[in-house]
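# Observations on the three-dimensional arrangement
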Amino acid sequence: MDVSYILNHFGEEREEYYGAVAPPVFQTSNFCFKTVAEMREKLKRELETPFYSRGFNPTVSVLRKKVAALEQAEDALVFSSGSAAVAAAVMSVVKAGDHVVCVEKPYSWTNNLLTKYLSKYGVTTTFVDGKELINFVNAIQPNTKLIYLESPNSLTFEMQDIEAVAILARSKNICTIIDNSYNSPINQQPITLGIDMVIHSATKYLNGHSDVVAGVVCGTKERIMKMMAEEYMTIGGIISAQDAALIVRGLRTLELRVNRSAETTEKIISFLENHPKIKQINYPFLSTNPQLHLAKKQMKQGGALFSIVLNAEKTEQIEKFCDGLKRFLMATSWGGYESLIFPICALGASKSFENPLPWNLVRLYIGLEDADLLIEDLGQALDKM
Ligand SMILES: *Cc1c(COP(=O)(O)O)cnc(C)c1O
């Protein structure tokens, strides 16, 4: 299906809503019925029809159809955060006594879910360097039920060969989940490579306006409806109709935003590549990246998130660079319209980041501002170091 059609029209039942062009916000917790017979009938199908908004809500339904179509999945669920989506997806696959193989350095709260939370319920996890397929092969145990990927990860950007891991997992009847937030469905479509479930932090590219926290899981109708009946309805980490409508609005420009940010990122990387204050750039499409062939094989283009390692002796120099930037906001998250900087040296002894990262690593996100303005700003701040 054409992406622009999905973003602008697909899934919107306009004739049911007086021809409203923008989907109405169904700001209602429940739906009412005229007869017992009708209520009984609707209750039987409460996951597929308006009954109670913890289950089916028509505004949320429009968003579910769009994100599923974007990932070429049969169905999708939308949650109140990316982390809620990760937790529901993983918990829909594993039970006590099961084993998970997870790529090393996943998103911090995914790491927490596996090591601190699910471990309490008897689920064990092995973390592997995902650059080599053999590491997955060696980590698989007879009770392995899930392989969890993040390609690339969102701080150092190592990738996994998604298709190869999917083939391995299928041959052993192991479910696969990938966090595809970095790429958005515009740049990488893991279901077409054989992955079972795809997750997004919709807080990032999908909404794109830094005003909603949300998450998405895409998969087969069977997997999604089972997750809806179990994790979604039970734990109840749902998205509100208001937030769903905001994400539908954000999606209108998804392709434009992702492409524009990627273009600007290419220009900024060309500038930084030759700068004497830059020791290393971590970015899938960097010409010297040993995994460049893999990036080209499975991704359409790079995302707008990358990290740099600065040539510095002291933390103060990193601070001078970051504090000296005028056009980048210093903040966590990414995927919005605004360019951002996230210095690892700000983490201090933060408990949620347990993987040792270089103190002189700084993550940048490139938003929708003009490339020349951003380059000029980076240049003057690097000079201040
Ligand atoms: C932000 C992020 C998450 C978590 O999403 P929230 O919406 O913040 O809960 C998960 N994975 C990746 C790669 C992220 O960047």
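Our structure's up above, just so we're on the same page.
Calculation rules
Residues numbered from 1 in each chain as written. Predicted model: local features only at pLDDT ≥ 70, side-chain atom pairs only at ≥ 80, totals over all residues. Heavy atoms only, no water. Helix = DSSP H or I, 4+ residues; strand = E, 2+ residues; numbered from the N terminus. Rg over C-alpha atoms; globule rule 2.2 N^0.38 Å. Contact = heavy atoms within 4.5 Å. Areas by Shrake-Rupley, 256 points an atom, 1.4 Å probe, with all protein chains shown as cover. Lys, Arg positive; Asp, Glu negative; His and termini not counted. Charge placed at Lys NZ, Arg CZ, Asp CG, Glu CD. Salt bridge = Lys/Arg side-chain N within 4 Å of Asp/Glu carboxyl O. Expected span 1.5 Å × (residues − 1). Bend = angle between axes of the 7 residues up to and from the residue. Buried < 20%, exposed > 50% of the residue type's maximum accessible area, 1.4 Å probe, protein only. Axes fitted to C-alpha atoms, helices over the stretch in contact; angles between N-to-C directions. Left-handed = near helix turned anticlockwise from the far one by under 90°. Nonpolar A, V, L, I, M, F, W, Y, C, P; charged D, E, K, R; others polar. Core = buried A, V, L, I, M, F, W, Y, C linked by side-chain atoms within 4.5 Å. Domains from an automatic or database assignment. Pairing = 2+ DSSP bridges. Near = heavy atom within 4 Å. Polar contact = N/O pair within 3.5 Å; in protein donor to acceptor, adjacent residues only side chain to side chain. Right-handed = clockwise from strand over helix to strand, strands pointing away.

### Details of the overall build of the protein chain
- In terms of helices and strands, the protein chain carries 14 helices and 12 strands.
- Against the compact-globule benchmark of 21 Å for 385 residues, the protein chain has a radius of gyration of 22 Å, which places it among compact chains.
- The principal-axis extent of the C-alpha atoms belonging to the protein chain is close to 75 × 50 × 35 Å.
- A sequence separation of at least 24 residues applies to 72% of the contacts in the protein chain between residues at least 6 apart.
- When the accessible area of the protein chain is evaluated, it comes to approximately 17100 Å², of which 54% is carbon and sulfur surface.
- The positive charge centre, built from 39 side chains, and the negative charge centre, built from 43, are 3 Å apart in the protein chain.

### Observations regarding the pattern of salt bridges
- All told, the structure shown has 16 salt bridges when counted by the stated rule.
- Between Glu13 and Lys65 there is a salt bridge; the shortest N-O distance is 3.0 Å. One end of the pair, Glu13, is in the loop between helix 1 (3-8) and helix 2 (36-44); the other, Lys65, is in helix 3 (residues 58-70), with 52 residues separating them in the sequence.
- Between Lys95 and Asp98 there is a salt bridge; the shortest N-O distance is 3.4 Å.
- Taken together, the salt bridges that share partners define one network made up of Glu12, Arg14, Lys66 and Arg252.

### Looking at helix 9 (residues 221-235)
- Taking 1.5 Å as the rise per residue, helix 9 with 15 residues should run 21 Å; its terminal C-alpha atoms sit 20 Å apart, in good agreement.
- A maximum bend of about 45 degrees is found in helix 9 at Met228.
- Those residues of helix 9 lying buried are Ile224, Met225, Met227, Met228, Glu231, Tyr232 and Met233.
- For helix 9, the secondary structure elements touched by its buried residues are helix 3, strand 1 (75-79), helix 4 (82-91), strand 6 (197-201) and strand 7 (215-219).
- Taken from the residues just after helix 9, Gly236 is the one with a positive phi, measuring 75 degrees.

### Regarding the packing of helix 4 against helix 5 (residues 108-117)
- In the contact formed by helix 4 and helix 5, the axes pass within 10 Å of each other and the chain directions differ by 35 degrees. The way helix 4 lies across helix 5 gives a crossing that is right-handed. Contacts from Ser83, Val86, Ala87 and Val90 in helix 4 reach Trp109, Thr110, Leu113 and Leu114 in helix 5.
- Partitioned by chemical class, the residues of the contact of helix 4 with helix 5 number six nonpolar, two polar and no charged.

### What to know about the nonpolar core
- Of all hydrophobic cores here, the largest spans 83 residues; its most connected members are Phe306, Ile308 and Phe321.
- At seven residues, helix 3 tops the list of elements feeding residues into this core.
- Shared between two domains, this core holds at least three residues of each, these being domain 1 (3-251) and domain 2 (254-383).
- Once residues lying within four places of it in the same chain are set aside, the contact partners of Phe306 are Phe157, Thr265, Ile268, Ile269, Leu272, Ile281, Asn282, Tyr283, Val362, Arg363, Leu364 and Ile366.
- Counting residues in each nonpolar core, the second largest holds 30 residues, with Ala87, Met225, Met228 and Tyr232 among its members.

### Digging into the sheet that holds strand 12 (residues 361-365)
- Spatial strand order, 8-9-12-11-10: five strands in an open sheet with mixed pairing. What marks the edges here is a single partner per strand, and that holds for strand 8 (278-282) and strand 10 (329-330).
- For strand 11 (residues 340-343) and strand 12, the ladder comprises four bridges, and the chain directions are antiparallel. In the sheet register, Ile341 faces strand 12, and the bridge partner there is Leu364.
- Helix 11 (residues 254-273) contacts strand 8, strand 9 (305-310) and strand 12 of the sheet and is inclined by roughly 15 degrees relative to strand 9.

### Examining the site of the ligand
- Taken together, Ser81, Gly82, Ser83, Tyr107, Asp179, Ser181, Ser201, Thr203, Lys204, Val213, Ala214 and Trp334 make up all the residues around the ligand.
- In this structure, Gly82 approaches the ligand through a main-chain N or O atom, which is 2.9 Å from an oxygen atom.
- A distance of 2.6 Å is found between an oxygen atom of the ligand and a side-chain nitrogen or oxygen belonging to Thr203.
- Across the complex, the protein chains shield 90% of the 380 Å² of accessible surface that the ligand would expose by itself.
- In terms of residue class, the shell around the ligand is made up of four nonpolar, six polar and two charged.

### Re the pairing of strand 2 (residues 99-103)
- Here strand 2 lies mainly inside the structure; five of its five residues are buried.
- Burial along strand 2 is two-sided: His99, Val101 and Val103 facing one way and Val100 and Cys102 facing the other are all buried.
- Pairing analysis gives five bridges linking strand 2 to strand 3 (residues 124-128), with the strands arranged parallel. Bridge pairing in strand 3 places Val101 opposite Thr126.
- Read as a crossover between parallel neighbours, the route from strand 2 over helix 5 to strand 3 is right-handed.
- Summarising the sheet, strand 2 and strand 4 (residues 144-150) pair through four bridges and their orientation is parallel. Note that in strand 4 the partner of Cys102 across the bridge is Tyr148.

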